[in-house]
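This is what each chain is made of:
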Amino acid sequence: MCVYQALYRKYRPSSFEDVISQQHITDTLKNQLLSGKTGHAYLFTGSRGTGKTTCARILAKALICENPKNGEPCLECELCRDMDNDRLSDIIEIDAASNGGVNDARELREAASYSPERCKYRVYIIDEVHMLSRDAFNALLKIIEEPPPHVKFILATTEIHKVLDTILSRCQRFDFRRIRTEDIAARIMSVAEKEQVSVDEDAAALIAKIADGGMRDALSIMDKCIAFSDKVTVDTVSEAAGIAGRGNLFDMTCAVCSKNASQALEIVSALHSNSKDMQQFAMELLEQIRNVMVIQNVSGAEKLIACTSAELEILKKCAADTDPAYIIHIMDMLGKCVERLGRSSSKRIELEMTFISLCTGQKAQSAPQAAAAVSFPSEDTAMLTARIAELEQQIKTMQSQGFAQQPVRRQPPVRQSGNVPMDAVTDTSKMDVNSAVLMPEWPEILERFAQVCPSVSGTLSESYGYVSNNYLLIVTKNNFFLSLLRNKENAEKLRETIKAVTGKNYSIRAKCTGAKQGAAENKLPQLMQKAAESNIPVETE
Ligand SMILES: Nc1ncnc2c1ncn2[C@@H]1O[C@H](COP(=O)(O)OP(=O)(O)OP(=O)(O)O)[C@@H](O)[C@H]1O
Ligand SMILES: [Mg+2]
Ligand SMILES: [Zn+2]
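Residues numbered from 1 in each chain as written. Chains lettered and ligands numbered in written order. Predicted model: local features only at pLDDT ≥ 70, side-chain atom pairs only at ≥ 80, totals over all residues.

**Student:** Would you explain the sheet that holds strand 10 (residues 471–476) in this entry?
**Tutor:** In any sheet, the strands associate via hydrogen bonds between backbone groups, in a parallel or an antiparallel arrangement. Pairing is mixed across the open sheet formed by 4 strands, whose spatial order is 8-9-10-11. Each end of this open sheet is capped by a strand with a single partner; those strands are strand 8 (437–438) and strand 11 (507–512). Relative to strand 11, strand 10 is paired through 6 bridges, and the arrangement is parallel. Among the inter-strand pairings, I474 is bridged to a residue of strand 11, identified as A510. (Pairing = 2+ DSSP bridges. Helix = DSSP H or I, 4+ residues; strand = E, 2+ residues; numbered from the N terminus.)

Quick look at the structure:
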């Protein structure tokens, strides 16, 4: 009978000689074994799939082997073979991550009193030791303080910072390195040969890059590739590793680098209709932007980047065409956006606003800078109407030109008379609507506000925030918001929330676009949105 065995299990090294990229560890261990000066407790740490469990097993075997050679287990004596078949009660493997801990604690308490059955030592291999139950942990601490001569401990963990000092100080610590890309690729090629499958060198290199230093991941990807085809190419790898179909991701990378807002929003819209996870997408985009930065700053960066060669060409072009300072700015904005996306309930808007800000340069300057840069004309309310007319005109022009990418020259606002009655909150007369920009923090403000003032926040479910100098214009569909905002307490809570998120004291103005409002005002948010979607800057340059 032939049971398929995962490659990473099949090719688990059985001797130190066969372990790659960890020579600083394997050499030391072999020397200790040769000289008979082994410790009573070891701690193996390092990232996933770098050989901790593998080396723990080899070390255990070498410790109990009847005929060790050069610090390696012989693999032939009865004890070596019984250990391979899990028939050696003196080697005890505990996986702290998968056990409730009741048995572990008992086993560990027994460790001190029982002597080994057949071997020189009882060897305890404790994987993910930072996850031991408290009872088990206390039992471990106790024996490790005064270890009986017949007991050896080999502890392993990926999270060394979670291991208490009391344990650390009693162990010999070995840090496993991420395995070098070249070493992984070479190993992949040698496994391919043994498995009699053809793997292109490029494909092996891509697997190695994706695996990011972990040999288990590399072999798992290879497993998938072989399931696809027995001729493994770069395409097979990108298919198997799930990096195929990343067109949107790289289109977006170009769109953001070249400040093409309409393309960026188109892509967001496509992602949205395909129900793609916006946060995941933003994180992947951040990684690609980071790759662009790496290309700009490191020679021979190709080796560090896990992508297909076509993708690499795109990244290189972005790197060549984009100002490095802007790349850093994108990373900064995108990083914050990813953070906010985790909390936000309006992820699409959150992402859109980030792209608009990036592509149109809005919010690129800090608030005080912006205030200094934009003069503050005290205009009459008609400005609003004028601005709307202007935006409408711009959108028409853009539409007739098929949204061609070209700078939009702003006409000076046409003054019109005709006042809309407004009170303190709705009075936008002192606002320079021309310079109003979408506020990137708005979704976050909403999120927080929902916690302190759920009743009012409900009326903001379909709202946008625009800033102009020290004014914040809230445009919401729900008319009820205005009456709620006139309540001092509510207004205060909102102001505090805004201050908490932005660090600024804005004068708040509100517009409700529900049935009762004047027709001209109704259009503002719509137009702002439309303008944004068609890449019309809604900001004065
Ligand atoms: N240094 C290495 N040399 C050769 N193969 C390795 C090496 N490290 C890992 N592997 C391969 O990866 C598989 C998993 O390795 P291992 O279980 O030792 O990783 P680990 O460091 O314990 O990972 P984890 O933290 O996830 O438990 C092995 O079976 C082997 O195929
Ligand atoms: Mg392990
Ligand atoms: Zn042996």
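Still more ground to cover, so stick around.
**Student:** How do you make sense of the site of ligand 1 when you look at a structure like this?
**Tutor:** Near ligand 1 you find 22 residues, and of these R12, G51, T53, T54 and M215 are the closest. Those elements that place two or more of their residues in the shell around ligand 1 are helix 1 (7–10), helix 3 (52–64) and helix 10 (215–228). Grouping the amino acids of the shell around ligand 1 by side-chain chemistry returns 9 nonpolar, 8 polar and 5 charged. (Near = placed C-beta within 6 Å. Nonpolar A, V, L, I, M, F, W, Y, C, P; charged D, E, K, R; others polar.)

**Student:** I keep staring at the environment of A325 and nothing clicks. Help me out?
**Tutor:** Among the secondary structure elements, A325 is positioned in helix 16 (residues 324–343). The exposed category is assigned to A325, around which 8 C-beta atoms lie within 10 Å. (Buried ≥ 20, exposed ≤ 12 C-beta atoms within 10 Å, placed from the backbone.)

**Student:** In this structure, what is going on with the sheet that holds strand 2 (residues 91–95)? I would like to understand it.
**Tutor:** Taken in spatial order, the 5 strands make up an open sheet running 2-3-4-1-5, and their pairing is parallel. The two strands at the open ends of the sheet, each matched to only one other strand, are strand 2 and strand 5 (172–176). Strand-to-strand twist of the sheet, defined as the mean angle between neighbouring strand axes without regard to direction, takes the value 15 degrees. (Axes fitted to C-alpha atoms, helices over the stretch in contact; angles between N-to-C directions.)

**Student:** Explanation requested: the nonpolar core in the structure shown.
**Tutor:** When a protein is soluble and globular, its nonpolar side chains tend to lie buried together. Formed by 60 residues in total, the largest nonpolar core has its most connected members in V256, A264, A282, V292, L334, F355 and Y466. With 8 residues, the top contributor of residues to this core is helix 14 (residues 278–297). A domain-level breakdown of this core finds at least three residues from each of domain 3 (247–361) and domain 4 (379–403 + 421–533). In this structure, F355 is in contact with V256, A261, A264, L265 and V268, ignoring residues within four places of it in sequence. (Core = buried A, V, L, I, M, F, W, Y, C linked by C-beta atoms within 7 Å. Domains from an automatic or database assignment. Contact = placed C-beta atoms within 7 Å.)

**Student:** Before we go on, may I ask you to explain the packing of helix 8 (residues 181–195) against helix 9 (residues 201–211) in this structure?
**Tutor:** Interhelical geometry of helix 8 versus helix 9 gives an angle of 130 degrees and a closest axis separation of 8 Å. Between helix 8 and helix 9, the interaxial angle falls into the category oblique. In this structure, helix 8 crosses over helix 9, and the sense of that crossing is right-handed. Where helix 8 approaches helix 9, its residues T181, I184, A185, I188 and M189 are matched on the opposing element by A204, A205, I207, A208, K209 and A211. (Parallel < 35°, antiparallel > 145°, perpendicular 65-115°, else oblique. Left-handed = near helix turned anticlockwise from the far one by under 90°.)

**Student:** Sorry if this is basic, but what is going on with helix 2 (residues 23–35) here?
**Tutor:** Within an α-helix, residues lying three or four positions from one another point in the same direction, as the helix has 3.6 residues per turn. Between the first and last C-alpha of helix 2 there are 18 Å, a value that for 13 residues agrees with the 18 Å anticipated at 1.5 Å per step. The set of residues buried in helix 2 consists of I25, T26, L29, K30 and L33. Along the long axis of helix 2, the arc covered by the buried residues comes to 125 degrees, so they all point the same way. Among the exposed residues of helix 2, those pointing more than 90 degrees away from its buried face are Q23, H24, D27, N31 and S35. Buried residues along helix 2 sit against helix 3 and strand 5. Downstream of helix 2 by one or two residues, G36 has phi in the positive range, about 75 degrees. (Expected span 1.5 Å × (residues − 1). Arc of directions from axis to C-beta.)

**Student:** What should I look at first to understand helix 15 (residues 309–321) in this one?
**Tutor:** Between its first and last C-alpha atoms helix 15 spans 18 Å; for 13 residues at 1.5 Å apiece the expected length is 18 Å, and the two agree. Of all the residues in helix 15, the buried ones are E311, I314, L315 and C318. Seen end-on, helix 15 carries its buried residues on one side only, within an arc spanning 95 degrees. Facing away from the buried surface of helix 15 by more than 90 degrees, the exposed residues are S309, A310, E313 and A320. Considering only its buried residues, helix 15 is in contact with helix 12 (247–257) and helix 14.

**Student:** Hey, could you run me through the packing of helix 20 (residues 442–452) against helix 23 (residues 488–502) in this one?
**Tutor:** Between two packed helices, the angle of one axis relative to the other and the distance separating the axes together describe the packing. Here helix 20 crosses helix 23 at 135 degrees, and the two axes come no closer than 9 Å. Here helix 20 lies oblique to helix 23, going by the angle between them. The crossing of helix 20 and helix 23 is right-handed. On helix 23, the residues touching E444, I445, R448, F449 and V452 of helix 20 are K493, L494, T497, I498, A500 and V501. Of the residues belonging to the contact of helix 20 with helix 23, the class tally is 7 nonpolar, 1 polar and 3 charged.

**Student:** Would you take a moment to explain the confidence of the model for the protein for this structure?
**Tutor:** Do not read the fine detail of predicted coordinates wherever pLDDT is low. Of all residues in the protein, 80% attain a pLDDT of 70 or more, and the chain-wide mean is 82. Segment residues 534–541 is flagged for pLDDT under 50; beyond a separation of four residues in sequence, or across chains, it makes 28 contacts in the model. (pLDDT = per-residue confidence, 0-100.)

**Student:** So what exactly am I meant to see when it comes to the environment of F153 here?
**Tutor:** Relative to the helices and strands, F153 is located in strand 4 (residues 151–157). F153 gets classed as buried once you count the C-beta atoms within 10 Å, which come to 25. The spatial distance from the C-alpha of F153 to the C-alpha of C171 is 8.7 Å, given a sequence separation of 18 residues. Apart from the residues lying within four places of it in its own chain, the contact partners of F153 are H40, A41, Y42, Y124, I126 and I144.

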